[in-house]
Amino acid sequence: MQLAAAVFLIVCIIVLPNSGISAVHGDEETNVVLQNVAETNFTVGNTSTSGSQHTSLHLSKMQWDYVQEPFIITGFVIVAAILKIGFHHTEHLSTVVPESCLLIILGVIVGGILFASGAAKIFPSFQSRTFFLFLLPPIMLESAFSLHDRVFADNFGTVLVYAVLGTLINTFTVGPTLYGLSLIGWLGDLEISFLVCLVFSALIAAVDPVAVLAIFQELGVNNVLYFLVFGESLLNDAVTVVVYNMMVSFVEMEHISGTQILLGVASFFVVSLGGVVIGLVLGITTAIITKYTENTRVVEPLVVFSMAYFSYLFAELWHFSGIISIITCGLIQAQYVEANISFKSHTTIKYFGKMLSGTCEAVIFMFLGLNIVHDQHDWHTGFIVWSLILCFVFRFIVVFVLTFFANSIERQRKITLEEMFIMGYGGLRGAVCFSLAAMLHPSLEHRNMLNTTTITVILSTVFIQGISVKPLVRFLRIRLKSEKVLSIVEELNDTVLDHVMAGVEEITGQRGSYFIREFLGYYDHKYLRKWLQREPQNKNAHLMAIYDKIALKQHFAHLSGSKAAAEFEIIGSMAVSMNSVDQEVELEILAELGQVEPPSFQNDAAR
Amino acid sequence: MGNKSSLMLQEEEVAAILDETGFSAAQIVRLYSRFTSLDKGDNGVLCREDFLRIPELAINPLGDRIVHAFFQESQDDTVNFRQFMRVLARFRPLSKVKDNKLNSKHEKLKFAFRMYDLDEDNKINRSELLAVLHMMVGTNISEEQLGSIADRTITEADTDGDSMISFEEFCKAVDRLDVDQKMSIRFLN
């Protein structure tokens, strides 16, 4: 019921203003093509032709061209929000089908309606630029904050192996295989050049962070598996950017010399390290700025978001990896800035970030659905089928081989066979591939076929793999995310053991991950925290935080019963992730639980 | 590996250590060269100063206690290679195939327990816990707060109500931490 209402709403928004206007053949590049509307007056009670004078005042006048862009965008966002609510009320459906699939379906339906009614050109076309500059960064920042986790740090090496080596191997196996297939005639009479195959495999090989996030978050698998897949999807951006650009440039070049290839390899390092450096610098700057914001707390969320976004843009300016830059910046911010900002700012950042990223995610999937419906498809069954098979098969092979090496060489916590399977199966493609395909120059041979193939691959992975991965996880009995139980004994021991292992590593002369942790932790505490934080956090802030949480929980249980203590877990636990809980915060928590009057606004202004 | 080392490490000794600890011959040789590089006095045994000379051990808050754990078995204040290896054997990854007396979950946990229990009475009392907390948390925390944390820790772990944590209570409390995985080093060949 809600779905039908939502579809009706969006159709009304789009179709109504355009009734009576002839189909506009606009330029693909312009955002919204409504040139002719400006010339037609849509007045009430007046049938004047364009150009003639008005003879009376009008009670109301339709000013579509004045509001069109923000109107459509906001309409879109509202529809996305309504849909999100609607999906979670359809109990059975939302547990079986992931939200992303439903959004794509809806996008396709609306796109179909628009296309059929001829109003398609009026709607904003999926601009790769819009995607990369506006829709992707909020999601990446949100992910960066969630990556600030010990489990991710412990598995960072393995993640890098997947992200860099895995993606490279995927690219250079799928492409050449497709080319080989075309040579021996298994792709019908398709004639495609080697480089074009490589361009295609460059853009299709990379696992997509938005799709993976959408699916894996709902799965609830154990932390290690989650961070492995998710981390890989985030960090493979550098490889994708470099290889894609390289291949696209090579297609245009007459002769590809060895130096060009070497430059390509070098550019990989430049792109990724450049991104890291920019993120580092801007993250540290944010920390230093927030050191002085005690009296201007309002500025804090602003600074955090704008610096992170700026790091993305600045990296993109120099053609570095914006994703890596914003992730690095977000990680630094999560590490150092959190101690400098107030509780309120922390809440703001947390929820505003979630809101932004959730909205962008929904908009991305809807846009994807919408832009699938057009008449420039070039369907080549052989190419599509083989692409699907090769992407799927090669991903599994690469995951298994790389994991085998990681397990035997380095890892203590081995990755099980079932987890490897889910990792291979969870290699979803999504909007990033789509945007890269859309950016292909029209003059590139087989451009439309590549686009169609990309879309088909994306849809197959998101729908088929996205829907079936949940039952598979249950079937393979994958270890799920465990309940977090607050225990100070465990936390203390964990810390003690960290130090013990670092010491033993030192004595044996074998410097492993514990040593690195110890080393970095020491210099972090000694220098970085003093420079970047107003009140440097304790050596083991985490230990103190756990203790604070436990103590407060007892406190509230004592005050108002165990129900309040349970609620506290949700509300107050945020407070203790900061340095310490002060009176201001305690009052806020009590106010939330309905115990006391909320602190008045006047007091806050003085802070 | 100079002439000295190969002279001092006999075949039989290697075989004996191999049997006792489960290390491979190559690992034993490698660790022997580390042993000799630490042995500045050049007398075939290590004393406390030799350990404490390791620079990074100085930044480790538990450095002293870890070193002390190596001297547990020896009568005089020195550690020979055999004893050195016996202690390190505890940190080998647990193998499901070969059971080893020195390398078991029990032994690993005992090593961890010794980090707290300085007076070796097989129980961790409040003051020992406070000492460890001091080292972990640093100097900004007040005595009172540390005291509450110590009390809280004991309450959580103490099942028999004697206000001290015995080894069994300790093992039970850290059961969920996957100690075997955490306290394992992959020794290079």
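Everything quoted here is computed from the prediction, not taken from an experiment.

### Considerations on the overall build of chain A
No. 1: Regarding its fold elements, chain A presents 24 helices and zero strands.
No. 2: For chain A, buried positions account for 51% of its 607 residues.
No. 3: For chain A, long-range pairs separated by at least 24 residues make up 79% of all intrachain contacts whose partners lie at least 6 apart in sequence.
No. 4: Summed over all atoms, the accessible surface of chain A reaches about 28600 Å², with 65% contributed by carbon and sulfur.

### So, the overall build of chain B
No. 1: The helix and strand tally for chain B stands at twelve helices and four strands.
No. 2: Along the three orthogonal principal directions, the C-alpha set of chain B runs to about 55 × 40 × 30 Å.
No. 3: Split into buried and exposed, the 189 residues of chain B put 48% on the buried side.
No. 4: Restricting to contacts in chain B with at least 6 residues of sequence separation, those with at least 24 account for 56%.

### Focus: the packing of aromatic side chains
No. 1: Enumeration over the complete set of coordinates arrives at 38 aromatic pairs over all chains.
No. 2: Ring geometry for Tyr522(A) against Tyr523(A): centres 5.1 Å apart, planes inclined by 80°, an arrangement best described as edge-to-face.
No. 3: By relative accessible area, which is 27% here, Tyr522(A) ends up partly exposed.
No. 4: Judged by relative accessible area, Tyr523(A) falls into the partly exposed class, the value being 35%.
No. 5: These aromatic residues form a ring-pair network of at least three members: Tyr32(B), Phe35(B), Phe51(B), Phe70(B), Phe71(B), Phe81(B) and Phe84(B).
No. 6: Of note, Arg92(B) hangs over the ring of Phe23(B), and the distance from its end group to the ring centre comes to 5.6 Å.
No. 7: Stacked on the ring of Phe167(B), the Lys or Arg Lys110(B) has its end atom at 4.4 Å from the ring centre.

### A look at the packing of helix α7 (residues 156-183) of chain A against helix α10 (residues 223-235) of chain A
Residues and elements named next belong to chain A.
No. 1: Where α7 meets α10, the closest approach of the two axes is 8 Å, and the angle between their N-to-C directions is 50°. By the angle between their directions, the pair α7 and α10 is classed as oblique. In the crossing of α7 with α10, the sense of the turn from one axis to the other is right-handed. The residues of α10 that touch α7, namely those facing Phe-156, Thr-158, Val-159, Leu-160, Tyr-162 and Ala-163, are Phe-227, Leu-228, Gly-231, Glu-232 and Leu-235.
No. 2: Among the residues making up the contact of α7 with α10, the classes are represented as eight nonpolar, two polar and one charged.

### Some details on the confidence of the model for chain A
Residue and element names in this part refer to chain A.
No. 1: Scored by pLDDT, chain A comes out at a mean of 79, with 82% of its residues at no less than 70.
No. 2: The spread of mean pLDDT over the elements of chain A runs between helix α24 (residues 601-606), the lowest at 38, and helix α13 (residues 299-317), the highest at 93.
No. 3: Note that residues 576-581 has pLDDT below 50 and, in this model, 18 contacts with residues that lie over four places away or in other chains.
No. 4: Under a pLDDT of 50 for its full length, residues 596-607 has, in the predicted model, 13 contacts with residues more than four places off or in other chains.

### Topic: helix α14 (residues 322-336) of chain A
No. 1: Relative to the 21 Å expected for 15 residues at 1.5 Å per residue, α14(A) spans 21 Å between its end C-alpha atoms, a close match to the ideal helical length.
No. 2: Taken across its 15 residues, α14(A) has 13 buried, putting it largely inside the fold.

### Comments concerning empty space enclosed by the protein
Residues and elements named next belong to chain A.
No. 1: Summed over the entire model, instances satisfying the criterion amount to seven cavities of 30 Å³ or more.
No. 2: The calculated volume of the largest cavity comes to roughly 70 Å³.
No. 3: As for the largest cavity, its lining consists of Ser-94, Thr-95, Val-96, Val-97, Pro-98, Ile-215, Glu-218, Leu-219, Gly-466, Ile-467, Val-469 and Lys-470.
No. 4: For the lining of the largest cavity, the secondary structure elements donating two or more residues are α3 (91-96), α9 (209-219) and α19 (447-475).
No. 5: In terms of residues, the lining of the largest cavity owes the most to one element, α19, which gives four residues.
No. 6: Looking at the lining of the largest cavity residue by residue, the class counts come to seven nonpolar, three polar and two charged.

### Regarding unusual backbone geometry
Glycine aside, negative phi is the norm for most residues, and most peptide bonds take the trans geometry.
No. 1: Unlike most non-glycine residues, His446(A) shows phi in positive territory, near 60°.
No. 2: Along the chain, His446(A) falls in the loop between α18 (431-438) and α19.
No. 3: Since its relative accessible area comes to 24%, His446(A) is described here as partly exposed.
No. 4: A positive phi is found at Glu120(B), a non-glycine position, where the angle reads about 55°.

### Some remarks on the interface of chain B and chain A
No. 1: Taken together, the 51 residues of chain B in the interface contact 51 residues of chain A.
No. 2: Linking chain B to chain A there are three salt bridges.
No. 3: A salt bridge links Lys182(B) to Asp498(A); the nearest nitrogen and oxygen atoms lie 2.9 Å apart.
No. 4: Scanning the region where chain B abuts chain A turns up twelve residue pairs in polar contact (both at pLDDT 80 or more).
No. 5: A total of seven residues in the side of chain B that touches chain A trace back to one element, the largest contributor, which is helix α10 (residues 143-157) of chain B.
No. 6: Its residues assigned to classes, the side of chain B that touches chain A comprises 35 nonpolar, eight polar and eight charged.

### Examining α13(A)
All names here are of chain A.
No. 1: The end-to-end C-alpha separation of α13 is 26 Å, in line with the 27 Å expected for 19 residues at 1.5 Å each.
No. 2: Among the residues making up α13, those that are buried are Glu-300, Pro-301, Val-303, Val-304, Phe-305, Met-307, Ala-308, Ser-311, Tyr-312 and Ala-315.
No. 3: Along its buried surface, α13 packs onto α5 (128-146), α12 (258-290), α14 and α15 (343-372).
No. 4: Positive backbone phi, at 65°, marks His-319, one or two positions downstream of α13.

### Thoughts on the pattern of salt bridges
No. 1: Considering all chains together, one arrives at 19 salt bridges over all chains under this definition.
No. 2: Here Arg413(A) makes a salt bridge to Glu419(A), at a shortest N to O gap of 2.9 Å.
No. 3: Judged by relative accessible area, Arg413(A) falls into the buried class, the value being 15%.
No. 4: Residue classification places Glu419(A) among the buried positions, given a relative accessible area of 4%.
No. 5: Through salt bridges with shared partners, one network takes in Arg150(A), Asp154(A), Asp494(A), Asp498(A), Arg517(A) and Lys182(B).

### Comments concerning the side chain of Arg413(A)
No. 1: Turning to its location among the elements, Arg413(A) is positioned in the loop between α16 (381-409) and α17 (417-425).
No. 2: Of the polar contacts made by the side chain of Arg413(A), one reaches the side chain of Glu419(A); its length is 2.9 Å.
No. 3: Those residues in contact with Arg413(A) that sit more than four places away from it in its chain are Asn222(A), Val224(A), Asn407(A), Glu419(A), Arg479(A) and Gln181(B).

### Side note on the side chain of Glu169(B)
Residues and elements named next belong to chain B.
No. 1: Looking at the secondary structure, you find Glu-169 in helix α11 (residues 167-173).
No. 2: Although Glu-169 is buried, it forms no salt bridge, and the closest oppositely charged side chain is Lys-123 at an N-O distance of 5.8 Å.
No. 3: In contact with Glu-169, other than residues within four places in its own chain, are Ala-157, Asp-158, Thr-159, Asp-160, Asp-162 and Met-164.

### What about the environment of Leu62(B)?
Residues and elements named next belong to chain B.
No. 1: Summarising the element assignment, Leu-62 is placed in the loop between α5 (55-58) and α6 (63-70).
No. 2: Its relative accessible area of 0% is what places Leu-62 among the buried residues.
No. 3: Sequence spacing of Leu-62 and Ile-185 is 123 residues, and the spatial spacing of their C-alpha atoms is 18 Å.

### Some remarks on the packing of α7(A) against helix α11 (residues 237-252) of chain A
Residue and element names in this part refer to chain A.
No. 1: Between α7 and α11, the shortest axis-to-axis distance is 10 Å and the interhelical angle comes to 30°. When the axes of α7 and α11 are compared, the pair comes out roughly parallel. Regarding α7 and α11, the two cross each other, and that crossing is right-handed. Contacts between α7 and α11 involve Ala-163, Val-164, Thr-167, Leu-168, Thr-171 and Phe-172 on the former and, on the latter, Val-239, Thr-240, Val-243 and Met-247.
No. 2: Its residues assigned to classes, the contact of α7 with α11 shows seven nonpolar, three polar and no charged.

Calculation notes
Counting restarts for each chain, with residues numbered from 1 along the sequence as it is written. Lettering of chains starts at A and numbering of ligands starts at 1, both following the order in which they are written. Since the coordinates come from a predicted model, pLDDT governs what is reported: local features require at least 70, and pairs of side-chain atoms require 80 or more to be given and counted, while whole-chain, interface and lining totals use all residues. Processing note: side-chain calculations cover all non-hydrogen atoms of the structure and skip hydrogens and water entirely. Going along the chain from the N terminus, every DSSP run of H or I of four or more residues is numbered as a helix, and every run of E of two or more is numbered as a strand. Whether a residue is buried, partly exposed or exposed follows from its accessible area with a 1.4 Å probe, protein chains only, as a fraction of its type maximum: under 20%, in between, or over 50%, in that order. Any two residues whose heavy atoms approach within 4.5 Å are treated as being in contact. A 1.4 Å probe and the Shrake-Rupley method give the accessible areas. Residues count as covered only by the protein chains that appear here. The rule is short: rings of Phe, Tyr and Trp, with Trp giving its six-membered ring, pair when the centres are within 6.5 Å, and they are stacked under 30 degrees, edge-to-face over 60, tilted in between. Two limits define a charge over a ring: the Lys NZ or Arg CZ must be within 6 Å of the ring centre, and within 35 degrees of the ring normal. Here an axis means a line fitted to C-alpha atoms, over the contact stretch when the element is a helix, while the angle between two N-to-C directions is reported on a 0 to 180 degree scale. Any angle between 65 and 115 degrees counts as roughly perpendicular, while under 35 counts as roughly parallel, over 145 as roughly antiparallel, and the rest as oblique. Each crossing gets its handedness from the near helix: less than a right angle anticlockwise from the far helix is left-handed, clockwise is right-handed. Lys, Arg, Asp and Glu make up the charged group, whereas Ala, Val, Leu, Ile, Met, Phe, Trp, Tyr, Cys and Pro make up the nonpolar group; the residues left over, Gly among them, are polar. Each residue carries a pLDDT score, the predictor's own confidence in it, on a scale running from 0 to 100. Expected span of a helix, by definition, is 1.5 Å for each gap between consecutive residues, and there is one gap fewer than residues. Cavities and pockets were defined on a 1 Å grid built from protein atoms only: a cavity is a group of points that admits a 1.4 Å probe but offers it no way out, a pocket is an open group of points flanked by protein on both sides within 12 Å along at least five of seven lines, and a lining residue is one with an atom within 4 Å of any such point. Grid points are joined across faces, edges and corners, and a volume is the space filled by probe spheres set on the points. Here a salt bridge means any side-chain nitrogen of Lys or Arg lying within 4 Å of a carboxyl oxygen belonging to Asp or Glu. Any pair of nitrogen or oxygen atoms within 3.5 Å is treated as a polar contact; in protein, a donor-acceptor pairing is required on top of that, and neighbouring residues in sequence qualify only through side-chain atoms on both sides. When charges are counted, neither His nor the chain ends are considered; positive counts come from Lys and Arg and negative counts from Asp and Glu.

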